[in-house]
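Structural features, examined
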Amino acid sequence: ESNIIGGMQASENTYNFSVGTCGTIYMSSGTTYNGFVTCGHHRTLSSAVSVNGNSFGTICLIGFSNNHYGDYSCVRMTSSDTLTNKIYGSSTAATRNITSASGSVAANATVMKFGYVSGYATATVTNTNTSMVTSGVTILGLEECTLTSGSSAPGDSGGPYYISGGSGNNYTFVGEHTAHHSSGSILFTPYVRFSSKFTPKTS
């Protein structure tokens, strides 16, 4: 058993990616599950997912298809791990509390991200509604940013984006990492794209 923290390494088959943040998953059937949100590309419905090398659960929902708004999936917990409202901050020793969520971020705002490969980074939002093509699939409704510190790499996908929550160690979840663009910018799926499917744990 372990505490699940946003930014940890997750794996499905041969793909490694990052945990976004923990919370409640809402299925179209009306069923709810505990688990976490992450990226949708390279995910396969019902596939087993491990976190930090240990069995965690299965993929129960995927939002990734041509001309779809956003790139996300949800992983249902079937293990006895503990879901937390924590994500990694400036290092894996510095966890931060997610105490709220915001659907999107305005242009010129500063965002923070964490991916298990690259660690912590900061960026400035340059475009609040852009698209990208990956593996022949066009994904709509993404936010584009320019890195101001840190870096981005494959495996960071799904990791949390967040902003200051105003006081102390409180932060607001705003989305999860989608891609590193060839131009050097980074792209994330804003929370508004999956807010009807997932609610972050905030305590």
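Bringing unusual backbone geometry into the picture now. The backbone phi angle of asparagine 13 is positive, close to 55°, even though this residue is not glycine. Its place among the elements puts asparagine 13 in the loop between strand 2 (9-12) and strand 3 (15-18). Residue class for asparagine 13 comes out exposed when judged on its relative accessible area of 64%. One non-glycine residue, asparagine 67, adopts positive backbone phi at about 60°. Assignment of secondary structure puts asparagine 67 in the loop between strand 7 (54-63) and strand 8 (68-69). Residue asparagine 67 is classed as partly exposed on the basis of its relative accessible area, which comes to 48%.

What follows deals with the environment of threonine 199. Residue position: threonine 199 is located in strand 18 (residues 198-200). Take threonine 199: its relative accessible area is 33%, and that puts it in the partly exposed class. Residues threonine 199 and threonine 21, 178 residues apart in the sequence, show an inter-C-alpha distance of 9.4 Å.

Reading guide: rules and limits
Residues numbered from 1 in each chain as written. Predicted model: local features only at pLDDT ≥ 70, side-chain atom pairs only at ≥ 80, totals over all residues. Heavy atoms only, no water. Helix = DSSP H or I, 4+ residues; strand = E, 2+ residues; numbered from the N terminus. Buried < 20%, exposed > 50% of the residue type's maximum accessible area, 1.4 Å probe, protein only.

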